[in-house]
Amino acid sequence: MTAARKTPAYPFMFPDDGTIPNNPSLPFVFYPRAFELSEWRDPAARVETIMRSNGWGRCWHDGIYPFPHYHPRIHEALVVARGRAAIRFGGEHGETFDVEAGDAVVLPAGTGHQCLEASDDLIVVGAYPSEGTYDLCVGLRPEHERALVKIPGVKRPDSDPFFGRNGPLMQLWP
């Protein structure tokens with residue numbers, strides 16, 4: 001099962017800002033309007049089914065923390081299932097994306113993210129590849145030093161969470 005529509009995937013590299021390491025070798029990937037969700041009664045469940053079918057699991061449905069954070073030992077996929085938000089990716093010197101239902105992103109291990117503003121109805125679905133360990137870092141100096149060692153060892157996923165083994169992520173993360 002794949003996403004409802006093929007969409008371009010836009011890669012972005014964010015530099016280490018001394019607090020948020022970001023990923024030095026893999027780009028953050030933005031998939032605008034990857035999903036057409038308006039016809040689905042439960043869009044979060046639909047998105048979760050697609051990501052699970054592509055080997056990404058440990059799914060959750062919620063918002064995004066309002067403070068900068070990152071995960072140095074695992075990659076993360078996020079899809080806006082309902083609502084809108086302004087999310088900054090890449091830390092304080094990263095970029096803010098105005099996202100809406102159907103937009104999707106993949107964050108390589110170490111990529112900072114923070115919700116700056118959100119509609120009251122925001123629902124984000126998150127998922128992780130089968131390899132990796134979830135942990136949460138908030139940009140403290142000792143975390144940063146440990147993250148710089150951990151990030152390069154995180155295994156690349158076997159498939160794109162939205163488009164499967166032949167999805168754009170597989171070409172962007174060879």
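Residues numbered from 1 in each chain as written. Predicted model: local features only at pLDDT ≥ 70, side-chain atom pairs only at ≥ 80, totals over all residues. Heavy atoms only, no water.

K.L.:
How should the nonpolar core be read in this particular structure?
P.N.:
One recurring pattern in soluble globular proteins: nonpolar side chains tend to sit buried together. With 24 residues, the main nonpolar core has Tyr31, Phe35, Met51, Val106 and Phe162 as its most contacted residues. Contributions of two or more residues to this core are made by strand 2 (28–31), helix 1 (43–53), strand 3 (56–62), strand 4 (76–82), strand 7 (104–107) and strand 9 (123–129). Counting residues per element, this core draws most heavily on helix 1, at four residues. Ignoring anything within four residues of it in the chain, the contact list for Val106 reads Pro27, Phe28, Val29, Tyr31, Trp56, Glu76, Ala77, Pro161, Phe162, Leu169 and Trp173. (Core = buried A, V, L, I, M, F, W, Y, C linked by side-chain atoms within 4.5 Å. Buried < 20%, exposed > 50% of the residue type's maximum accessible area, 1.4 Å probe, protein only. Helix = DSSP H or I, 4+ residues; strand = E, 2+ residues; numbered from the N terminus. Contact = heavy atoms within 4.5 Å.)

K.L.:
Help me understand unusual backbone geometry in this model?
P.N.:
Working note: non-glycine residues mostly have negative phi, and peptide bonds are mostly trans. Positive phi values are uncommon outside glycine, yet Asn22 reaches one of about 55°. Checked against the element boundaries, Asn22 lands in the loop between strand 1 (10–12) and strand 2. Phi at Arg33 takes a positive value of approximately 50°, unusual for a residue other than glycine. Here Arg33 shows up in the loop between strand 2 and helix 1.

K.L.:
Sorry if this is basic, but what is going on with the packing of aromatic side chains here?
P.N.:
One pair of aromatic rings is described through two measures. These are the centre distance and the angle between the planes. Throughout the structure, instances matching the rule amount to 13 aromatic pairs. Aromatic side chains Phe12 and Phe97 sit 5.2 Å apart centroid to centroid with 90° between the ring planes, which places their arrangement in the edge-to-face category. With Phe12 in strand 1 and Phe97 in strand 6 (residues 95–100), this pair connects stretches of sequence that are 85 residues apart. With relative accessibility at 8%, the residue Phe97 sits in the buried group. Pairing Phe28 with Phe97 gives two aromatic rings, centres 5.4 Å apart and planes at 55°, and the pair type is tilted. In this pair, Phe28 sits in strand 2 while Phe97 sits in strand 6, placing the two residues 69 residues apart along the sequence. The exposure class assigned to Phe28 is buried, which follows from its relative accessible area of 1%. One aromatic cluster in this structure is built from Phe12, Phe14, Phe28, Phe30, Phe89 and Phe97. (Phe/Tyr/Trp six-rings, centres within 6.5 Å; stacked < 30°, edge-to-face > 60°.)

K.L.:
Looking at this structure, I do not really get helix 2 (residues 141–150). What am I missing?
P.N.:
Every buried residue of helix 2 is accounted for by Glu143, His144 and Ala147. End-on view of helix 2: buried residues confined to an arc of 100°, all on one side of the axis. (Arc of directions from axis to C-beta.)

K.L.:
Would you mind going over the side chain of Glu143 with me for this structure?
P.N.:
Note that Glu143 resides in helix 2. Buried and unpaired, Glu143 has Arg146 as its nearest opposite-charge partner, separated by 5.6 Å. Among the polar contacts listed, one links the side chain of Glu143 to the backbone nitrogen of Gly139, at a separation of 2.9 Å. The residues contacting Glu143, other than those within four sequence positions of it, are Tyr70, Leu136, Cys137 and Val138. (Lys, Arg positive; Asp, Glu negative; His and termini not counted. Salt bridge = Lys/Arg side-chain N within 4 Å of Asp/Glu carboxyl O. Polar contact = N/O pair within 3.5 Å; in protein donor to acceptor, adjacent residues only side chain to side chain.)

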